[in-house]
Structure formats: structure tokens, C-alpha cells
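What follows is the residue order along each chain.
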Amino acid sequence: MGRRTRTGAVGVLLAATSLLWGPALPAGAQDADDFHRYRSRPDLPIPAIEVTTHEAGTAPGLNFVDVRVPAGSPGRDGRLIYDLDGEPVSFRPGTPRNYHPLTWFGQQAAAWFDPRTREWVVEDASCRELARLRAGNGHVADEHDLDVSPDGRALLVVYHAVTVDLTPYGGRADATVIEGVVQEIDARTGEILFEWRSLGDDGIPITDTYVALDAPRVDYLHINSVAYDVDGDILVSARNTSEVIKIDRDSGEVLWRLGGKSSSFALVGDDGPSWPHDARRRPDGTVSVFDNGVGRSPNYSRGVAWRLDEDAGTATLVAEWRPEPDLYTAVVGSNRALPNGNTLASFGTTGQAIEWRDGEVVWTSRMPGSLWTYRTVRGSWQGAPVEPPVAVAERTGSTVTAWATWNGATEVAGWELLAGPDPGSLRVVGAAPRSGFETQVSGAVGAADDVVALRAVGGGGTGLGTSVPLTLAAGSPDAVVAFRGRDDTVVTRALHDGVWSSPHSRGGIVTAEPDATVLSDGTQLIVARGAPDGLYARFVDGDAVSRWYPLGGQLTSGPSVTPGPGATALVTVCGADGDVWATTLLRDGRRTGWRWLGGDCRGGGTGVTRAADGTVVLASVAADRSVRVATTGADLVGRWRSLGGVVTGAPELTARPAGDAVVSVRGIHGPTYQQQLDPRRGWAGSGWRNLGGDTTPARSPSTVIDDRGALRLLVHGVDEWVFERVDPVGSGGWRRLWPL
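As the structure is a prediction and not an experimental result, all values here were calculated from the model.

J.: Quick question: what am I supposed to make of the overall build of the chain here?
T.: Looking only at helices and strands, the chain features 0 helices and 63 strands. In terms of its C-alpha atoms, the chain occupies a principal-axis envelope of roughly 95 × 65 × 45 Å. Relative to its 740 residues, the chain shows a buried fraction of 59%. Summarising the internal contacts of the chain: among those between residues at least 6 apart in sequence, 50% fall at separations of at least 24. In the form shown here, the chain has an accessible surface area of approximately 27800 Å², with 48% of it arising from carbon and sulfur atoms. One way to put it: in the chain the 70 positive side-chain charges average out to a point 6 Å from where the 89 negative ones average out.

What follows is the structure, given as C-alpha cells:
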């Protein structure tokens with residue numbers, strides 16, 4: 001198990017008071033090569049985990065980490081599962097904390113802390129939310145730990161600020177002391193079953209801390225792990241008193257303390273824990289921690305275990321997991337026994353995790369650059385995501401090449417490339433074994449095979465899931481939509497015969513959602529608010545893509561565009577004065593002068609469409625977040641009236657072949673609403689209809705008309721996927737399409 005060191009680490013901890021409020025964590029820009037880039041999932045820059053050791057005897061399973069990415073990095077924070085070769089299995093962007101597997105009422109599950117709501121989220125193997133666990137008694141939970149018992153009890157950590165007179169100890173009369181609280185709740189009902197408070201009668205004296213007591217805020221205990229012991233009592237790791245505490249779950253009495261100033265045990269062969277993390281009872285009966293070793297000279301961190309003799313009052317060092325050369329992480333880390341008897345230790349801010357078997361290193365992984373994680377926890381996992389596989393494809397002559405991913409799926413053995421003239425006539429034209437998070441598949445196709453899809457297959461050849469079909473058709477599309485990509489460039493997808501294409505990157509640097517349309521000559525037109533501020537336009541005619549034409553203007557929102565006669569287009573924007581303005585864009589990239597249309601678009605932006613009879617229909621979101629509409633003739637002077645509602649973002653307008661128009665908006669609480677504007681009743685509205693869905697406030701709906709004349713509504717879900725709903729208004733269901 002490597003070297004053992006018996007330094008007086010605890011005695012010099014007083015010098016480390018700068019760690020009280022949170023030490024400096026790794027910072028600095030990451031190189032783009034530190035992240036995997038996938039053709040089918042450009043939205044997922046996943047850290048490139050390097051596995052430097054993988055020997056026989058490594059424990060099976062997958063590794064769960066919460067990825068912490070420095071500001072300015074090309075990557076994203078998120079919860080990551082990766083295999084023993086470092087290959088990603090699942091990555092969910094966000095700001096999770098302490099991601100780990102657990103057993104939830106007998107089924108496999110995972111949990112992570114949501115710092116926005118201060119709740120623990122429990123989800124199943126399909127990433128569907130099972131529960132949210134909250135602290136009670138007016139407290140909020142902390143991210144440091146969660147432990148769930150087989151019968152559905154959950155241990156939570158709370159940091160409770162209390163005003164305490166510390167003048168007897170050289171401190172302030174009104175010092176804010178952070179009390180450590182452990183709560184046990186019923187995981188189903190949230191009922192508090194037990195609570196222990198560190199400043200209570202059965203608590204821990206403030207003077208047992210190793211941090212200075214003269215600061216305005218004193219985090220004297222700093223609980224960073226909580227776990228059930230084998231007898232049902234509770235083990236707590238207290239970083240700032242440098243100890244492990246055992247608490248009687250029935251009475252709240254402190255049964256013993258290992259390490260620190262008031263240890264219940266004489267330490268044999270070791271100096272005890274030094275600002276530890278992750279206290280656990282191991283299967284062999286020993287107690288282990290991840291020992292950060294703050295204050296040791298030289299600095300090093302380790303995993304360590306002691307055998308306790310409560311009758312004799314001794315704690316004997318029996319195992320130490322210390323790499324060569326040393327690694328040191330002043331904060332965070334974990335140390336876990338694995339089912340096969342191995343030990344996995346995560347060295348926090350170093351980004352490294354190391355597994356030992358019988359004293360020898362059998363597995364090592366390293367995060368790139370300055371990325372780090374709170375813990376690395378291994379568990380068995382069978383992922384079956386609810387979203388479909390994602391694919392992109394391109395055709396060169398008679399060969400189609402496609403790339404497929406299925407984020408979170410663990411049972412995929414291979415992929416089949418399907419092709420045919422339409423979605424109902426697909427056949428297998430190629431296959432390949434799974435080659436990692438993304439797999440490339442090629443196959444030969446006929447001239448009429450304009451539609452492809454990718455099907456994931458299991459070990460026995462059983463189909464597990466199929467991607468949304470993609471069109472390979474060339475020529476003018478029936479419709480086109482534009483999105484603002486994660487790198488602030490424009491991304492488009494075209495619609496041919498009811499099937500969407502793979503995404504196309506159109507460049508640019510945009511500052512709001514772009515819009516796109518198909519002109520009367522079949523050319524695609526993209527309009528966007530760009531940087532520097534102003535309106536920009538780009539034309540796409542087959543493989544020919546124009547430059548971005550700067551069109552000027554002072555915009556406060558993204559533009560809206562509708563085709564006009566003679567390959568022209570009418571573009572509306574919200575001006576700097578909060579009013580609606582319009583210009584006509586010509587096919588050569590020139591425009592007419594700006595025309596004032598009045599209205600009020602200060603609440604979110606504008607929408608425009610041209611009805612079958614030539615009437616121009618306008619919409620805006622006013623300062624009070626209600627929707628306003630106007631209809632105009634050739635003079636483009638509108639009269640505005642209110643449709644009511646309380647919405648966020650810009651309105652979306654689309655004329656239908658029947659002669660009416662539909663306005664779509666995002667309600668302030670997330671659902672999408674639609675209203676029909678009927679020309680037979682003076683373009684009066686039908687009233688808002690709630691279409692449901694949980695959409696992101698950062699993006700507005702999009703609507704297009706397909707080759708059958710059906711209205712297709714696209715919205716952006718909070719899970720970062722695009723969903724589609726097809727005509728008629730208010731009927732049908734949502735279909736998941738692709739990630740943003």
C-alpha cells in the first residue's frame with residue numbers, strides 16, 4: 001500500500017486558516033483538444049479522460065463524476081459517466097454537484113445536487129426524475145453528501161448560520177458561526193425523522209476547531225460526508241475539526257470521535273485524519289476516509305483506514321493508499337471500497353482517480369488540464385435513455401456516411417444504417433460495431449434513397465432505438481429553420497417532403513435567435529442580429545453560400561422574415577426606440593430604407609408573415625409582455641390591437657394555405673400557446689390554447705409549413721432538445737427531434 005508517514009500534521013493545521021472559506025481551486029483556460037468533439041453531438045464537448053493504467057483485477061463498473069470546468073473553457077460543467085477505458089457513456093450538461101450512483105427502493109438510480117434549488121435530484125437509468133429531496137425545519141440542504149438507506153431513509157447535510165459571542169475565545173461578539181446539522185428524512189414524504197445539531201447539548205465544542213475564531217464568519221466544523229454505519233448509526237466527516245464522528249441515530253449522542261483535539265481513540269501507527277473527506281465503514285469493519293493532509297510537510301493526500309477497538313480505545317492504521325509520486329488536493333476527494341475488495345480513491349482537484357488491488361495500482365484515470373471533480377464513484381449501471389439516438393449523415397455519390405450517438409445507452413453493441421425513398425421504406429444498407437460514444441457507419445444507396453436513419457442494436461441483434469429520419473435531398477427545401485448555435489454561430493435545418501435534414505453550420509456571430517425562410521426562387525435566406533450590432537443576411541442556393549451582407553439598423557431583438565414577391569423578403573425588427581421597423585430585402589443583398597410601423601416590441605421582439613391574399617400580419621410583445629398584432633396592406637402602416645397573454649421572447653407568426661395565420665408564443669411559465677387569426681373575422685384571434693411543454697425562456701418557438709400544408713411547430717425544451725408538434729392547432733402530441 002505504499003509509504004506510511006507519521007508527521008505532526010494536525011499540529012500545524014492552525015496555519016491553514018486561509019482554507020476556511022474555500023481554497024483556490026484550479027483555474028485557467030482549457031485547450032480545445034481537452035474535449036471530445038462529435039459530428040452528431042456538437043453540443044456535447046465531453047472531457048477527454050485519459051486512462052493511463054488498466055490492469056487485470058480492476059473492479060468492473062462505470063465511473064460517475066461531476067465535471068468542474070474553468071470559466072472561459074470550451075467545455076461545460078455536467079455529470080459524466082465514463083467506462084474503464086475513459087470512453088464517455090453519458091454526459092448531461094448543467095451545474096450538478098456530487099453525482100453518484102445509489103440504490104433507490106431496490107432499483108438502480110443516481111443522485112446529484114442542484115445548486116439552483118438546493119435540492120438533491122434522484123433519477124433513474126433513463127435520466128427521468130424520481131424524486132427531489134429537501135431539508136426541513138426551514139433549512140436548505142448542502143451539496144456535500146447524501147446517503148439513502150434500503151428502506152427509504154435519507155441523510156442530508158445542512159449548514160446553519162448562527163450568531164455566537166466568541167469574545168471568550170478572542171473572537172467577535174457577533175460572529176457568524178456555521179453549525180453543522182445532520183437531518184434524516186423519509187425519502188418519500190420528506191418527514192424529518194431525526195436531526196442532530198453540532199452546537200446542541202450533544203454536539204461538538206467550537207474550541208475543537210482548527211480554524212481561527214476571530215473571523216467574522218467561522219465555519220468551525222464543516223461536515224463534508226454523512227453515511228449510515230452498519231448498525232444504523234451515523235458516521236460524519238468533519239473537515240475543520242479534523243475528525244470522524246459517530247452519532248447515535250436514536251438519541252443524538254456522540255458515541256465516539258476519531259482524530260482531532262478530542263479523539264476517543266489513541267492512534268496507533270499514525271497521526272490520524274488531517275482535514276478529511278468521505279468517512280465510511282468498509283466491509284472488513286475498518287473506518288476509512290480520504291485524508292487531504294492539509295498542513296503536512298511535505299503536502300500529500302491519501303486514502304487511509306483504521307481498525308477501531310472501542311473497548312481498548314485504540315485506532316490502528318491498517319491500510320494507506322498513497323500514490324507514488326505523491327498527489328495533493330487541499331479540498332475534496334473520495335475513498336471507497338469496491339465490491340471485489342479493491343479501493344478507489346479520487347484525488348480531487350488533481351483530476352486523478354486511482355484504484356488499488358492488494359497494494360498495487362491497477363487502474364488510473366486523469367482529467368485533462370485543470371478539470372476536476374468532487375468525487376469519483378464507481379457503480380454498475382444499465383442506461384436506457386428516453387431520448388432517441390442522434391445521427392447526422394452526408395451523401396457522396398452513391399455512398400452515405402453517417403455518425404450516430406446515443407447519450408447514456410449502455411447496451412448498444414452496434415449500429416445499422418437504414419436508407420430508402422421515404423421514412424416508411426427504410427432498409428439496412430450498412431452496419432458497424434459500436435466504436436465508442438460516437439460510431440461512423442457507411443453504406444451504398446440508390447438514387448432514390450433520399451431518407452436515412454441509424455438504428456442501435458443490442459448484443460443479439462435486437463433493435464434498441466432508431467434516430468429521427470434525415471433527408472439527403474438536394475435542391476430547394478419546402479421550409480428551413482435557423483437556430484443560434486452554442487458557439488453563437490447560425491445553424492440551419494431544411495425540410496424536404498416532411499423530413500428534416502442534418503444540421504448545416506452557416507457561420508456568423510449572432511447575438512439573438514436568427515430567422516430563415518425560403519424565397520420564391522427556392523433560395524434559402526437567413527437573417528440575424530450580429531456583432532457588431534445590426535442586421536445581417538446570408539443566402540444559400542444549393543451548395544452556393546453567399547457572404548454575410550451587413551444591412552445596418554439598431555436592433556434590440558432578433559429579426560423576423562417572410563418571403564415576398566420576386567424573390568424578395570420582408571424583415572421586421574424591434575428598434576432601439578422599442579417600436580417595430582421593417583425593410584424589404586432584395587436577392588442581391590441590398591435592402592430598401594427602414595420603415596416605421598409603430599407598435600410596442602419592448603417585451604420581446606417581433607414576428608411577421610404574409611397571408612395568402614397578400615396581407616402582411618405583424619406581431620410584437622409589448623412592455624407588459626402581452627401580444628399585439630396588426631394587419632397591413634401595401635403601405636405598411638399597421639393598426640395594433642392586443643391579444644393579451646403574458647409571454648417571454650418573441651412571437652412567431654406563420655400564414656397557412658387556408659388563408660389564416662397562427663401566432664405561437666412561449667408562456668411566462670414555460671408552456672407554448674397558440675392563437676389562430678381568422679381573416680373572415682377581421683383577423684380576430686381565437687383565444688390562447690395551451691399546447692403544454694416545458695420550454696426554455698432563452699429561445700422562442702419556430703413554425704413552418706410543410707409540403708402537405710401542415711403547420712409544424714418547433715420549440716426548445718429545458719432539457720436542450722428541440723420538440724415538434726404538427727397541425728392542426730391544439731391537437732397532436734410532441735415529438736422529440738434533436739438536441740440543440
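J.: Just to check I follow, could you spell out the nonpolar core for this structure?
T.: In globular proteins that are soluble, nonpolar side chains generally tend to be buried together. By size, the foremost hydrophobic cluster in this structure holds 28 residues, and its most contacted members are V182, W196, L221, I234, V236 and I245. Residue assignment for this core shows that the elements contributing at least two residues are β12 (153-164), β13 (175-186), β14 (192-197), β16 (223-228), β17 (234-238) and β18 (243-247). The residues contacting W196, other than those within four sequence positions of it, are G180, V181, V182, D202, G203, I204, L221, I223, I247, G252 and V254.

J.: Help me out: how do you make sense of the state of the cysteines in this one?
T.: Covalently bonding the sulfur atom of one cysteine to the sulfur atom of another cysteine gives a disulfide. As enumerated under the stated definition, the model contains 1 disulfide in all. Across the disulfide, C574 is cross-linked to C601 (sulfur-sulfur distance 2.1 Å). Taking the sign of the S-S torsion, 90 degrees for the link of C574 and C601, the bridge is right-handed. Taken together, the positions of C574 in strand β48 (residues 569-574) and C601 in the loop between β50 (595-598) and β51 (605-610) put the pair 27 residues apart, joining distant regions of the chain.

J.: Quick question: what am I supposed to make of the side chain of D706 here?
T.: Along the chain, D706 falls in the loop between β60 (702-705) and β61 (711-716). Residue D706 is classed as buried on the basis of its relative accessible area of 5%. At 2.9 Å, the side chain of D706 and the backbone nitrogen of A710 are in polar contact. Among all residues touching D706, those that are not within four sequence positions of it are L495 and R712.

J.: What is the right way to read the sheet that holds strand β4 (residues 62-67) from this model?
T.: As a general point, the strands of a sheet are linked pairwise by backbone hydrogen bonds and lie either parallel or antiparallel. One open sheet accounts for 4 strands, arranged β6-β5-β4-β29; its pairing is antiparallel. Only two strands of the sheet have a single partner each, and these edge strands are β6 (88-93) and β29 (377-379). Across the sheet, the axes of successive neighbouring strands diverge by a mean angle of 20 degrees, strand direction being ignored. Pairing of β4 with β29, which is carried by 3 bridges, proceeds in the antiparallel orientation. Paired with F64 across the bridge in β29 is V377.

J.: What's the story with the pattern of salt bridges in this structure? I'm lost.
T.: Where side chains of opposite charge bring their charged atoms close, a pairing between them can arise. For the structure shown, the criterion picks out 55 salt bridges. With a shortest N-O distance of 2.7 Å, D231 and K246 are connected by a salt bridge. With D231 in the loop between β16 and β17 and K246 in strand β18, this residue pair connects regions lying 15 residues apart in the sequence. By relative accessible area, K246 is classed as buried at 5%. Note that R628 and D624 form a salt bridge whose closest N and O atoms lie 3.9 Å from each other. Here the residues in one salt-bridge network are D114, R116, E119, E129, R132 and R134, joined through shared partners.

J.: Help me understand the packing of aromatic side chains in this model?
T.: For any pair of aromatic rings, geometry is given as the distance between the ring centres together with the angle between the planes. Using the criterion set out here, one finds 12 aromatic pairs in the structure. Centroid distance F113 to W120: 5.4 Å. Interplanar angle 65 degrees. Geometry classified as edge-to-face. Exposure remark for W120: the relative accessible area of 0% places this residue in the buried category. Here F483 and W738 contribute two aromatic rings whose centre-to-centre distance is 6.0 Å and whose plane-to-plane angle is 70 degrees, an arrangement assigned as edge-to-face. A residue pair is termed long-range when its members are at least 10 positions apart, and F483 in strand β38 (residues 479-484) and W738 in strand β63 (residues 735-739) qualify at 255 residues. In this structure, R587 packs its charged tip against the face of F539, placed 4.7 Å from the ring centre.

J.: For this particular structure, what's the right way to read the pairing of strand β7 (residues 97-104)?
T.: Remember that side chains alternate between the two faces of the sheet whenever the strand is regular. Of all 8 residues in β7, 7 are buried; the element is thus mostly enclosed. By the bridge criterion, 6 bridges tie β7 to strand β8 (residues 107-114) in an arrangement that is antiparallel. Within β8, the residue paired with L102 across the bridge is A109. As consecutive antiparallel partners, β7 and β8 are separated by 2 residues, and within that stretch F105 has a phi angle of approximately 50 degrees, a positive value.

J.: Can you walk me through the environment of G667 in this structure?
T.: Here G667 lies in strand β56 (residues 661-667). Here the alpha-carbon distance between G667 and W500, two residues 167 residues apart in the chain, equals 26 Å. Not counting residues up to four positions away in its chain, the partners in contact with G667 are V646, V647, T648 and Y673.

J.: What exactly am I supposed to notice about the pairing of strand β55 (residues 647-655) here?
T.: Counting buried residues along β55, 8 of its 9 residues qualify, which places the element largely inside the surrounding structure. What sits between β55 and β56 in their antiparallel hairpin is a turn of 5 residues, with G659 showing a positive phi close to 110 degrees.

J.: Would you mind going over the sheet that holds strand β3 (residues 50-54) with me for this structure?
T.: Read from one edge of the open sheet, 5 strands run β3-β28-β27-β26-β25, paired in antiparallel fashion. The two strands at the open ends of the sheet, each matched to only one other strand, are β3 and β25 (334-337). Averaged over all neighbouring strand pairs, the angle between strand axes comes to 15 degrees, with direction disregarded. Across 6 bridges, strand β27 (residues 352-357) lies against strand β28 (residues 360-366) in antiparallel orientation. Across the sheet, E355 pairs through a bridge with W363, a residue of β28.

J.: When you look at the confidence of the model for the chain in this model, what are you seeing that I'm missing?
T.: Low pLDDT means the predicted atomic positions in that stretch should not be read closely. With 95% of its residues at a pLDDT of 70 or more, the chain has an overall mean of 93. With pLDDT under 50 throughout, residues 1-25 is counted as low confidence; its partners more than four residues away or in other chains account for 67 contacts.

J.: I tried to follow the environment of V540 on my own but got confused; where do I start?
T.: Take V540: it is sitting in strand β44 (residues 534-541). Between the C-alpha atoms of V540 and G293, which are 247 residues apart in sequence, the distance is 61 Å.

J.: What should I look at first to understand the environment of E123 in this one?
T.: Along the polypeptide, E123 turns up in strand β9 (residues 119-123). Between the alpha carbons of E123 and A109 there is a distance of 5.7 Å; along the sequence they are 14 residues apart. Filtering out sequence-adjacent residues up to four positions away, E123 remains in contact with R79, Y99, A109, A110, W112, R128, E129 and L130.

J.: Honestly, unusual backbone geometry in this entry has me stumped. Any pointers?
T.: Excluding glycine, residues mostly have negative phi values, and the peptide bonds linking residues are mostly trans. In this structure, P298 follows S297 across a cis peptide bond, with omega equal to 0 degrees. Checked against the element boundaries, P298 lands in the loop between β22 (287-291) and β23 (302-309). A cis amide bond links A531 with the next residue in sequence, P532, at an omega value of 0 degrees. Structurally, P532 can be placed in the loop between β43 (524-530) and β44. Phi is positive for D358, close to 50 degrees, though the residue is something other than glycine. Within the secondary structure layout, D358 lies in the loop between β27 and β28.

Rules of the game
Each residue is numbered by its place in its chain's sequence as written, counting from 1. Reporting of local features is limited, given that this is a predicted model, to residues whose pLDDT is at least 70; pairs of side-chain atoms are given and counted only at 80 or more, and all residues count toward the totals for whole chains, interfaces and linings. Only hydrogens and water are removed before side-chain values are computed, so all heavy atoms of the structure are retained for them. Numbering of helices and strands runs from the N terminus; a helix is a DSSP stretch of H or I covering at least four residues, while a strand is a stretch of E covering at least two. Classification of residues uses two cut-offs on accessible area relative to the type maximum, computed with a 1.4 Å probe and protein chains only: under 20% is buried, over 50% is exposed, and between them is partly exposed. In this analysis, two residues are considered to be in contact whenever any of their non-hydrogen atoms come within 4.5 Å of each other. For the area figures, the Shrake-Rupley method with a 1.4 Å probe applies, and any residue is considered shielded solely by the protein chains shown. His is not counted here, nor are the chain ends, while Lys and Arg score as positive and Asp and Glu score as negative. Taken as the charge location is NZ of Lys, CZ of Arg, CG of Asp or CD of Glu. Side-chain atoms within 4.5 Å are what join buried Ala, Val, Leu, Ile, Met, Phe, Trp, Tyr and Cys residues into a set we call a nonpolar core. Working definition: a disulfide is two cysteine sulfur atoms within 2.5 Å of each other. Polar contact criterion, stated in full: a pair of N or O atoms within 3.5 Å, where within protein one must be able to donate a hydrogen and the other to accept it, and residues adjacent in sequence count only if both atoms are side-chain atoms. Paired strands are those between which DSSP finds at least two bridges. Axis lines are fitted through C-alpha atoms, for helices just across the contact stretch, and the angle between N-to-C directions can take any value from 0 to 180 degrees. Only one rule defines a salt bridge in this text: a Lys or Arg side-chain nitrogen within 4 Å of an Asp or Glu carboxyl oxygen. Stacked, edge-to-face and tilted are the three classes for Phe, Tyr and Trp ring pairs, Trp counted by its six-membered ring, which pair at centre distances within 6.5 Å; planes under 30 degrees apart are stacked, over 60 edge-to-face, the rest tilted. The rule for a charge over a ring is simple: NZ of Lys or CZ of Arg within 6 Å of the ring centre, and within 35 degrees of the ring normal. What pLDDT expresses is the predictor's confidence in each residue, scored from 0 to 100.

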